[in-house]
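# Understanding the architecture of this molecule
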Amino acid sequence: TLFNNGLYISLVVSKILEIDVSNTSKKYKDLPIKSQKDLNITSKEIIKLLNIEPSNVVKLIINDIIDKILNNKLKNEKDEIIKYIINNKGEFIK
């Protein structure tokens, strides 16, 4: 995906597959976030919010948030992300 591979690799693949690179660039530009660094919450904040130890659960939560943001089901706004995590805590911590 554009998110996982980044713009450069996606453009190279587009050229190889003879896909319109301007379309690839536009799709990349339209992504709500380009990398995990763009998330408006950090792993440390999630750990503190849920009062949990660093673990794979944090990565699961981050991946879920990224997926929701990329699919326009969640805005990349800290308050909204925190609310989402709290409301879905049971899905992540069993």
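So, here's what we can say about the structure. Bear in mind the structure is a predicted one, so any value in this text is a computation, not a measurement.

What follows covers the packing of aromatic side chains. For the coordinates displayed, the defined rule picks out zero aromatic pairs. The lysine or arginine in question, Lys34, covers the ring of Tyr28, its NZ or CZ lying 5.6 Å from the ring centre.

On to the pattern of salt bridges. Under the criterion given, the structure shown has three salt bridges. The closest approach of N and O atoms between Lys68 and Asp64, which form a salt bridge, is 3.4 Å. Taken together, the residues Lys68 and Asp64, both in helix 4 (residues 56-70) and four residues apart, mark about one turn of the helix.

Now for the nonpolar core. The tendency in soluble globular proteins is for nonpolar side chains to be buried side by side. One finds Leu39, Ile46, Ile61, Ile65, Ile69, Ile81 and Ile85 to be the most contacted residues of the largest nonpolar core, which totals 22 residues. Contributing elements (two or more residues each) for this core: helix 1 (2-16), helix 3 (43-50), helix 4 and helix 5 (78-87). Beyond its immediate sequence surroundings of up to four residues, Ile65 is in contact with Leu39, Ile41, Ile46, Leu74, Ile81, Tyr84 and Ile85.

Moving on, we get to the environment of Glu91. One can find Glu91 in helix 6 (residues 89-92). Judged by relative accessible area, Glu91 falls into the exposed class, the value being 56%. For Glu91 and Ile61, which are 30 residues apart along the polypeptide, the C-alpha to C-alpha distance reads 9.3 Å.

As a further point, take the packing of helix 4 against helix 5. With their axes 12 Å apart at the nearest point, helix 4 and helix 5 run at an angle of 125° to one another. It follows from the interaxial angle that helix 4 and helix 5 lie oblique. With respect to the hand of their crossing, helix 4 and helix 5 are arranged in right-handed fashion. Only Ile81, Tyr84 and Ile85 of helix 5 make contact with helix 4, whose side of the interface consists of Ile61, Asp64, Ile65, Lys68 and Ile69. A breakdown of the residues in the contact of helix 4 with helix 5 according to their chemical character gives six nonpolar, no polar and two charged.

This part is about a nonpolar patch on the surface. On the surface, a nonpolar cluster with roughly 700 Å² of combined accessible area is contributed by Tyr8, Ile9, Val12, Val13, Ile16, Leu17 and Ile19. Taking relative accessible area as the criterion, Tyr8 reaches 66% and is therefore assigned exposed.

Cut-offs used in this document
Here the residue numbers are simple positions, counted from 1 along each chain's written sequence. The model is predicted, so local features are restricted to residues of pLDDT at least 70 and side-chain atom pairs to those at 80 or more, both for listing and for counting; the totals for chains, interfaces and linings are taken over all residues. Only heavy atoms go into the side-chain values, all of them from the structure, while hydrogens and water stay out. Only centres within 6.5 Å qualify two rings of Phe, Tyr or Trp (six-membered ring in Trp) as a pair; their planes then separate them into stacked at under 30 degrees, edge-to-face at over 60, and tilted for everything else. Cation placement over rings: the criterion is NZ of Lys or CZ of Arg within 6 Å of the ring centroid and within 35° of the ring normal. Salt bridge criterion: a side-chain nitrogen from Lys or Arg within 4 Å of a carboxyl oxygen from Asp or Glu. Comment: elements are numbered from the N terminus, with helices defined as DSSP H or I runs of at least four residues and strands as E runs of at least two. We call a set of buried Ala, Val, Leu, Ile, Met, Phe, Trp, Tyr and Cys residues a nonpolar core when their side-chain atoms join them within 4.5 Å. Relative accessibility under 20% of the residue-type maximum defines a buried residue, over 50% an exposed one, and the middle range a partly exposed one, all with a 1.4 Å probe and only protein chains included. The contact rule is simple, with two residues in contact once any of their heavy atoms fall within 4.5 Å. Orientation is described by lines fitted to C-alpha atoms, with helices fitted over the stretch in contact, and by angles between N-to-C directions that extend from 0 to 180 degrees. When an angle is under 35 degrees it counts as roughly parallel; over 145 it counts as roughly antiparallel; between 65 and 115 it counts as roughly perpendicular; any other value is oblique. Note: crossing handedness is left-handed where the near helix turns anticlockwise from the far helix by less than a right angle, and right-handed where it turns clockwise. All residues other than Ala, Val, Leu, Ile, Met, Phe, Trp, Tyr, Cys, Pro, Asp, Glu, Lys and Arg, Gly among them, are scored as polar; the first ten of these are nonpolar and the last four charged. Patches in this entry comprise residues that are over 30% relatively accessible and not in a salt bridge; like charges within 9 Å are linked, as are nonpolar side chains (Val, Leu, Ile, Met, Phe, Trp, Tyr) within 5 Å. In these tables, accessible area is a Shrake-Rupley quantity obtained with a 1.4 Å probe, and a residue counts as shielded only by the protein chains included in the view.

Spatial relationships are all this shows, so hold off on functional conclusions.
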